Amino acid sequence: MTQKWDVVIIGGGLAGFVAANYLTRNNLSILVLEKGKKVGGRARTDQIHQQYFNLGPHALYKKGKAMSILEELTIQVPGKSPQLGGVLVKDHLEYTAPFTPLGLLTTGLLNWKERIEWANTLLKVISIHTEKLEKQTFEQWVQQTTDSANIQSLLYLLGRLATYCHAPDQASAKIIVSHLKTVLNGVLYLDHGWQTIIDQLHNKAVVSGVQIETHKRVKHIAPLEQDSFKLILSNDEEIFGKNVICTTGPHELQHMLGEKSNFSFTKMKPVKGATFDVALTQLPNPKKLFAMDIQHPLYFSVHSNYARLSAEGKSAVMHVFKYHHPDEKIDEKKVKNELEQFLEKIQPGWKNYEITSRFIPQIIVNQRLPQIGDEQILQCSKQGIPGLYIAGDWASPDFILAEGAVSSAKQAAEEIMKREKS
Ligand SMILES: Cc1cc2nc3c(=O)[nH]c(=O)nc-3n(C[C@H](O)[C@H](O)[C@H](O)COP(=O)(O)OP(=O)(O)OC[C@H]3O[C@@H](n4cnc5c(N)ncnc54)[C@H](O)[C@@H]3O)c2cc1C
């Protein structure tokens, strides 16, 4: 007889494994299907020449939703918080970042009036009720908050740093500012990368009886009569399940449902960036650990100064990153050159110390740029097809990035457990 699983989870990333771990509490039969040869999705860490490379810069928010859910699942998150500070580049000149009291006092970026305004703006961000920003774009909020061009640039920069979104004219102020509030409470860089989280979630799931199959790409989801589903894989294998949690992106989900889809995710677009992950035997300039460009969407941070990211623990592992605008046409060669030039500016002569590096010109950081009105679209999708649940960094109306992936996964698991009990 063909087995019918209680729950089939499409995708073995953070969302898939968080959902699986909650579902094991209810003694359900659970199958995870992952199209890749490895699990982990975008939370994977690759070991290259004994260096641990996350897929670009990853920071876990100390007071965030993901942290509290991972704690609930007894997942350890070893690592350290990076120090605030570093430099900001403007017109090719470097300035102390005004992100600490000392930085604020000493930076040449702002005049005295602007320093006071910047301090007040940060206090405002911390205490703001973000529900009030529901109908505004981030750009509208920034322009309403200050007339100073310098302070506006700093707010855009912080918005990019916190959320990876580089489209203030399109992004929802509510989501950007509320995520920024979470980030301002501190972040952690994790020892051995985010694979640490994935490995623990994976092992716990296996021990609890979850079946995990890699190299299994779901091609089609067919809702059947009597609340169940037939999934057709790319090798034409058929899998049957009572409930399905889909953790792919919105467009892939729509594609898998074909004409059965009554979702309207067409307007959704992903947040993308380019990452240049680099390991050096040593830093040419050991004092420069963090830098961002104010006028260009560029980031640099040495993660290994805080987290253990190499087998021998001596090298310097850093990420240089470019935030892409969602409507931008990407010239990959030009982007690589830009990232190398930025690194050269901060760490002159870095090439002489290179152990290894990896350039990914376009990577999806979040499957959905949070926009005004997304809540309604996501709400409608919930009433879509009984037994089909969505999870992932795009699926929560209130959170993005890992916060969205983990919280939507927990919610999907809880809804299934409730459904199965009734
Ligand atoms: C450069 C970069 C920096 C980031 N920085 C941060 C950060 O600092 N803080 C933070 O909180 N988050 C950050 N993130 C985001 C975070 O990594 C993601 O939000 C999170 O890993 C998403 O998990 P997920 O399970 O929703 O999706 P994914 O990790 O994408 O998992 C989905 C899985 O489904 C699989 N799949 C897709 N289609 C199919 C199919 N048809 N059949 C079977 N399997 C399928 C995929 O292979 C994948 O493994 C960053 C991401 C990137 C790329």
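Placed above this text is the structure.
Predicted model, so just to flag it, every value in this text is computed and none were measured.

Caption draft 1: Representation of the pattern of salt bridges in the model. Inspection of every chain in the model, using the stated rule, returns 23 salt bridges. Taking the shortest distance from any N to any O, the salt bridge between K267 and D374 comes out at 3.7 Å. Placement of the pair is K267 in the loop between α9 (250-257) and β14 (271-280) and D374 in helix α11 (residues 374-382), with a sequence separation of 107 residues. Given the relative accessible area of 43%, K267 is considered partly exposed. Judged by relative accessible area, D374 falls into the buried class, the value being 3%. The residue D374 makes a salt bridge to R368 at a minimum N-O spacing of 2.6 Å. Both residues of the pair, D374 and R368, count as buried. Each of K38, R44, D46, D277 and R358 takes part in a single network of salt bridges with overlapping partners.

Caption draft 2: The arrangement of the packing of aromatic side chains in detail. By the definition in use, this model includes nine aromatic pairs. Here the aromatic rings of F138 and W141 are separated by 6.0 Å at their centres, their planes lie at 20°, and the arrangement is stacked. Taken together, the residues F138 and W141, both in helix α5 (residues 138-145) and three residues apart, mark about one turn of the helix. Here the two residues F138 and W141 agree in accessibility, since each one is buried. Members of the aromatic cluster, connected to one another through ring pairs, are F138, W141 and Y156. A cation sits over an aromatic face here: R115 above W112, 4.4 Å from the ring centre.

Caption draft 3: Seen up close, the site of the ligand. In the vicinity of the ligand lie 36 residues, with A15, E34, R42, H58 and A59 positioned nearest. L14 places a polar main-chain atom, nitrogen or oxygen, 3.2 Å from an oxygen atom of the ligand. The backbone of A59 places a nitrogen or oxygen atom 2.8 Å from an oxygen atom of the ligand. Considering the ligand on its own, with 1000 Å² of exposed area, one finds that the protein chains cover 95% of that surface. Of all the secondary-structure elements, those providing two or more residues to the shell around the ligand are α1 (14-23), α9, β18 (354-366) and α12 (401-421). Counted by class, the shell around the ligand contains 20 nonpolar, nine polar and seven charged residues.

What counts, and at which threshold
Residues numbered from 1 in each chain as written. Predicted model: local features only at pLDDT ≥ 70, side-chain atom pairs only at ≥ 80, totals over all residues. Heavy atoms only, no water. Salt bridge = Lys/Arg side-chain N within 4 Å of Asp/Glu carboxyl O. Helix = DSSP H or I, 4+ residues; strand = E, 2+ residues; numbered from the N terminus. Buried < 20%, exposed > 50% of the residue type's maximum accessible area, 1.4 Å probe, protein only. Phe/Tyr/Trp six-rings, centres within 6.5 Å; stacked < 30°, edge-to-face > 60°. Lys NZ or Arg CZ within 6 Å of the ring centre and 35° of its normal. Near = heavy atom within 4 Å. Polar contact = N/O pair within 3.5 Å; in protein donor to acceptor, adjacent residues only side chain to side chain. Areas by Shrake-Rupley, 256 points an atom, 1.4 Å probe, with all protein chains shown as cover. Nonpolar A, V, L, I, M, F, W, Y, C, P; charged D, E, K, R; others polar.

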